[in-house]
Amino acid sequence: MRPDKSLTPFEIRLYRNYRVVHGCRIALAFLLTFLLVRLLHIPEGTWPLITLVVIMGPISFWGNVVPRAFERIGGTIFGSALGLIALKLELISLPIMLLWCAGAMFLCGWLALGKKPYQALLIGITLSVVVGAPAGDMATALWRSGDVILGSLLAMLFTGIWPQRAFLHWRIQMANYVTAFNRVYQAGFSPNLVERPRLEKHLQKILNDVVKMRGIIAPASKETHIQKSIFEAIQTVSRNLVCMLELQINAHWASRASHFVLLNAHTLKETQQMTQQTLLTIAHALYEGNPQPILANSERLNEITAELRQLINEHQGDNVAETPIHGYVWLSMEMARQLELLSHLICRALRK
């Protein structure tokens, strides 16, 4: 898929209600699979349904379902082979069959702590399903194995019809985060307020939303082949911005003297305007898929950082408001630097 694909209003509305869409998709897939099993009179027909729900249920994004389905198919084939051998051994000697199953389950447990725990568990699950057939009943065992593979393929088929993309969902969630951050930023430094606003709940909600986005980083990386480290870096910068905003609000409202100085500092006013403009540009770029407007703000952010350093030198002799002013200005410099870094990271993600 193209990372710079523009999002339509319908897609934005669709992904904002992705839980409803996911529920409808699973319901429709279950009904169609049930009808297919009944009409074709497939033996052991419960296993395609179970497999379908297991694969599609916990995760809805294409970047998660495809690897999960292939892991299930691989684990099913290997587990089926082990189970068929176990059924054959049972006809020869039950103790030998039990030793074989014990060795297979030991392998399953050992592999479950490796890189592909889900596939390892599927080996053990399929082995259990196959050996649960009557002794020597190879036909039932083969049907159960085939039904699990059929369920995996059907899960991929239904997920592939108008699939939900984790990367598009990440873009929308990221744009929502930037928009919410901008609103809190405006409320925290509004010149129309005479008392400090209570924004703790809003800041905590933004931080929680950032943490939730971590769950879609892996499938988004698989869908677009964008390095996972880029998403992780964006995640880190986003958390840093929330923490810095809280500290900056504390410094802005620390005392009446420092608050008055900060309100009348021309450079700081321009910094706030530029910060808000940058946030709006990032949110717009995430929706449109065009990173070019973001880069236009980078040079001005660098210039503002230099001006803020000069502002610190101007107020070095102000003993009354020195600490809050220096803290606020330093945090403004750091926020400008973090915003510039966030802009470059998002540009790399959209350009890939």
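Just so we're clear, the structure is a prediction, and the values are computed from it rather than from any experiment.

What counts and how
- Residues numbered from 1 in each chain as written.
- Predicted model: local features only at pLDDT ≥ 70, side-chain atom pairs only at ≥ 80, totals over all residues.
- Heavy atoms only, no water.
- Helix = DSSP H or I, 4+ residues; strand = E, 2+ residues; numbered from the N terminus.
- Buried < 20%, exposed > 50% of the residue type's maximum accessible area, 1.4 Å probe, protein only.
- Contact = heavy atoms within 4.5 Å.
- Areas by Shrake-Rupley, 256 points an atom, 1.4 Å probe, with all protein chains shown as cover.
- UniProt positions renumbered as here; feature names shortened; annotations may be inferred.
- Core = buried A, V, L, I, M, F, W, Y, C linked by side-chain atoms within 4.5 Å.
- Patch = residues over 30% accessible without salt bridge, like charges linked within 9 Å, V, L, I, M, F, W, Y side chains within 5 Å.
- Salt bridge = Lys/Arg side-chain N within 4 Å of Asp/Glu carboxyl O.
- Arc of directions from axis to C-beta.
- Axes fitted to C-alpha atoms, helices over the stretch in contact; angles between N-to-C directions.
- Parallel < 35°, antiparallel > 145°, perpendicular 65-115°, else oblique.
- Left-handed = near helix turned anticlockwise from the far one by under 90°.
- Nonpolar A, V, L, I, M, F, W, Y, C, P; charged D, E, K, R; others polar.
- Phe/Tyr/Trp six-rings, centres within 6.5 Å; stacked < 30°, edge-to-face > 60°.

Another point: the overall build of the chain. Within the chain, the secondary structure is distributed over 16 helices and zero strands. Per-residue burial over the chain gives 49% buried out of 352 residues. In the chain, of all internal contacts separated by at least 6 residues, the share reaching a separation of at least 24 is 78%. Looking at the chain as shown, the accessible area adds up to about 17800 Å², and 63% of this sits on carbon and sulfur atoms.

Per the UniProt record, "transmembrane region" (unreviewed entry) is found at residues 20-40, 46-66, 73-89, 95-113, 120-143 and 149-168. Within the segment residues 73-89, helix and strand shares are 100% and 0% respectively, and the terminal C-alpha atoms sit 24 Å apart. The distance from the first to the last C-alpha atom of residues 149-168 is 29 Å, and the span holds 75% helix and 0% strand.

Quick look at the nonpolar core now. Trp170, Met174, Tyr177, Leu241 and Leu245 are the most contacted members of the largest nonpolar core, which has 57 residues in total. Those elements giving two or more residues to this core turn out to be α1 (9-16), α8 (166-188), α9 (200-212), α10 (217-224), α11 (228-252), α13 (266-288) and α16 (322-351). Setting aside its immediate chain neighbours within four residues, Met174 contacts Met213, Ile234, Ser238, Leu286, Leu342 and Ile346.

Moving on to unusual backbone geometry. In the Ramachandran plot, His41 falls in the positive-phi region, its phi being about 55° despite a non-glycine side chain. Within the secondary structure, His41 sits in the loop between α2 (18-40) and α3 (46-56). Classification of His41 by relative accessible area gives exposed; the value is 67%. The residue His225 is not glycine, and still its phi comes out positive at about 60°. Within the secondary structure, His225 is located in the loop between α10 and α11.

Next up on the list: a nonpolar patch on the surface. A cluster of nonpolar side chains, Leu28, Phe30, Leu31, Leu32, Phe34, Leu35, Leu36, Leu39, Leu40 and Val53, forms an exposed patch at the surface whose accessible area comes to about 910 Å². If you tally residues by element for the nonpolar patch, the top one is α2, at nine residues. Inspection of the secondary structure puts Phe34 in helix α2.

Opposite charge on two side chains permits pairing when their charged atoms draw close. The final tally for this structure, using the stated rule, is three salt bridges. Glu232 serves as the salt-bridge partner of Arg214, at 2.7 Å between the closest nitrogen and oxygen. Of this pair, Arg214 sits in the loop between α9 and α10 while Glu232 is found in helix α11, placing the two residues 18 residues apart along the sequence. According to the relative accessible area criterion, Arg214 is partly exposed, its value standing at 36%. Looking at Glu232, the relative accessible area reads 24%, which means it is partly exposed.

Here we take up α1. Here α1 has its buried residues at Glu11, Ile12, Leu14 and Tyr15. The buried residues of α1 occupy one face: seen down the axis, they fall within an arc of 165°. Facing away from the buried side of α1 by over 90 degrees, the exposed positions are Pro9 and Arg13. The elements touched by buried residues of α1 are α2, α8 and α13.

Moving on: the environment of Thr33. Mapped onto the fold, Thr33 is located in helix α2. When the C-alpha positions of Thr33 and Ala155 are compared, they lie 9.5 Å apart, and in sequence the two are 122 residues distant. Not counting the four nearest positions on each side in its chain, Thr33 is found in contact with Pro48, Leu49, Leu52, Leu154 and Phe158.

Between α2 and helix α7 (residues 138-160), the least distance of the axes is 10 Å, while the angle of their chain directions is 135°. When the axis of α2 is compared with that of α7, the two are oblique. The way α2 lies across α7 gives a crossing that is right-handed. Across from Arg25, Ala29, Leu32, Thr33 and Leu36 in α2, the residues of α7 making contact are Leu154, Phe158 and Thr159. Its residues assigned to classes, the contact of α2 with α7 shows five nonpolar, two polar and one charged.

This part covers the packing of aromatic side chains. Enumeration over the complete set of coordinates arrives at five aromatic pairs. Ring centres of Phe167 and Trp170 lie 5.8 Å apart, and the angle between their planes is 20°; this geometry places the pair in the stacked category. Here Trp170 and Phe167 lie together in helix α8, a separation of three residues that amounts to about one turn. Exposure class is identical for Phe167 and Trp170. Each is buried. Through successive ring pairs, a cluster of aromatic residues spans Phe167, Trp170 and Phe231.

The subject of this paragraph is the packing of α8 against α9. Look at α8 against α9: their axes get within 10 Å of each other, and the N-to-C directions meet at 165°. The orientation of α8 relative to α9 falls into the category roughly antiparallel. Along this stretch, α8 crosses α9, giving a crossing that reads as left-handed. Note on element contacts: α9 touches α8 through His202, Leu203, Ile206 and Val210, opposite Tyr177, Ala180, Phe181 and Val184.

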